[in-house]
Amino acid sequence: MWEGAAVLRHRRTAPPETGALLEQSATARRERPPATFPHRPASALPRTPSARRPVKRLLALALFLAAGMLAVAHQIRPAPYGDHLTSGPPAHTARARGGVVEAYDGRTLRWRYARPGRRPLTVLPTRGQAITVWDDGLVTDTDGRSVRWHRALPAATDWLRARGGAGVLRPLGRGILAVVTPSRIAAYRTADGDLRWVLPARAGCAFRPERAVRHGHALLVAQPCARGAWTAQLVAVDDLGGIAPHRTPLGNEPPRAGRPEHPRTEKALAPPR
C-alpha cells in the first residue's frame, strides 16, 4: 500500500523513465519468494518430556532385569564349604552315619548335614547343636537350621585321615570347646566359633587326644616327648587356658556393648603407674 502511494507520487513528479524503473522494482519485490530458514534436524531440536519417557522406561526395565539376574545368581551359587543341610528343629542326639551327620529326637530324624566328598569323623552333640570334625580338617557347628560356623585345623588333615577323630573334641565347660591335635590344643567359643586361646605342643613332643581325661574342671592331656621328665609329658587345661600358678587368664564371655572384653589392662608383674 505504501509502495503504491510512493509509486504514484513519483509518477507525478519524476520523468517517465524513472516511473518505469520504480514499477519494475515494486513488481520484483512483490514476486520475491518469502525468506526461508536453514533446516534443523530433529535431533537438534530440544527434547520434550514425551521423548524422554521411553528412555526412562528402558532404563527402569534394564535395572529390573539386572536385579532379577543377580537374585537368581545368588540362589544358584555354590554353598560355602560344600554344605548341604536338610534343615529341621534342634535335636538332642547327633551321630555320623556314612558321609552324613544325622540328628534325632528319640527315633525321629530331625535334620541331615553333608559335605559331598567329605566324611565326618566324630560328632559332639551339645545343647541342641552338633559339632563335627571332618576328614579335611574342618570343624563345623550346626543347630539344624544353619551351619553356624566353620573352623579349619592347620596341618591336621593327614593325621585325621590316618587316625580318625577319637578324642579330638573336648568340651571344657562354660561354652568353650577344646580341639586337640598332635601339634596344638585350640579352644573355641561354641556360641560363635571365636578362637579363645592356643596351646602349642613342646618342641619334640606331640599331644595324644585319645589319652586325654577329665579331672574335675580340668582336662589332662598326654604329651609324650622323646626326651624330658614325665612331668613335662602331661598338661592340664580348662576353659581359661593352660593351668599354671599365678596365671592371669583372659575372659571367654562374648563381648557386651559398652564394656571392654578385657577390663584389666595393667601388667601382671608390675604395679600400675
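Residues numbered from 1 in each chain as written. Predicted model: local features only at pLDDT ≥ 70, side-chain atom pairs only at ≥ 80, totals over all residues. Heavy atoms only, no water.

(A) The arrangement of the pairing of strand E2 (residues 93-97) in detail. As paired strands, E2 and strand E3 (residues 100-105) are joined by five bridges and run antiparallel to one another. Each residue of the ladder has a partner; that of Ala94, found in E3, is Ala103. Linkage of E2 to E3, two consecutive antiparallel strands, is achieved through a turn of two residues, within which Gly98 is found at a positive phi near 65 degrees. (Pairing = 2+ DSSP bridges. Helix = DSSP H or I, 4+ residues; strand = E, 2+ residues; numbered from the N terminus.)

(B) Representation of the nonpolar core within the structure. Residues Val139, Leu153, Leu160, Val168, Leu169 and Val179 are the most contacted members of the largest nonpolar core, which totals 16 residues. Of all elements in the fold, only strand E5 (120-126), strand E6 (129-134), helix H4 (157-163), strand E10 (176-181) and strand E11 (184-189) reach the threshold of two or more residues within this core. In this structure Leu153 touches Gly137, Val139, Leu160, Val179, Thr181 and Tyr188, once residues within four positions along its chain are discounted. Counting residues in hydrophobic clusters, the runner-up holds 13 residues, among them Leu172, Ile185, Trp197 and Phe207. (Core = buried A, V, L, I, M, F, W, Y, C linked by side-chain atoms within 4.5 Å. Buried < 20%, exposed > 50% of the residue type's maximum accessible area, 1.4 Å probe, protein only. Contact = heavy atoms within 4.5 Å.)

(C) Highlighting a nonpolar patch on the surface. Together, Leu61, Phe64 and Leu65 make up an exposed nonpolar region whose accessible area comes to about 340 Å². Its place among the elements puts Leu65 in helix H3 (residues 49-76). (Patch = residues over 30% accessible without salt bridge, like charges linked within 9 Å, V, L, I, M, F, W, Y side chains within 5 Å. Areas by Shrake-Rupley, 256 points an atom, 1.4 Å probe, with all protein chains shown as cover. Salt bridge = Lys/Arg side-chain N within 4 Å of Asp/Glu carboxyl O.)

(D) Inspection of the state of the cysteines at higher detail. Taken as a whole and judged by the stated rule, the model has one disulfide. Residue pairing for Cys205: its cysteine sulfur links by disulfide to Cys225, the two sulfurs lying 1.8 Å apart. Note on the Cys205 and Cys225 pair: the S-S dihedral is about 110 degrees, so by sign convention the disulfide is right-handed. Here Cys205 is found in the loop between strand E12 (194-200) and strand E13 (208-215), whereas its partner Cys225 is found in the loop between strand E14 (218-222) and strand E15 (234-238), with 20 residues between them in sequence. Given the relative accessible area of 14%, Cys205 is considered buried. (Disulfide = S-S within 2.5 Å.)

(E) Looking closely at the sheet that holds strand E7 (residues 138-142). Read across the open sheet, the four strands follow the order E5-E6-E7-E8; overall the sheet is antiparallel. Each of the sheet's edge strands pairs with one partner strand only, and the pair in question is E5 and strand E8 (147-152). Averaged over neighbouring strand pairs, the angle between their axes works out to 15 degrees when direction is ignored. Strand direction decides the pairing type here: E5 and E6, joined by six bridges, are antiparallel. By the bridge assignment for E6, Val123 is matched with Thr132. (Axes fitted to C-alpha atoms, helices over the stretch in contact; angles between N-to-C directions.)

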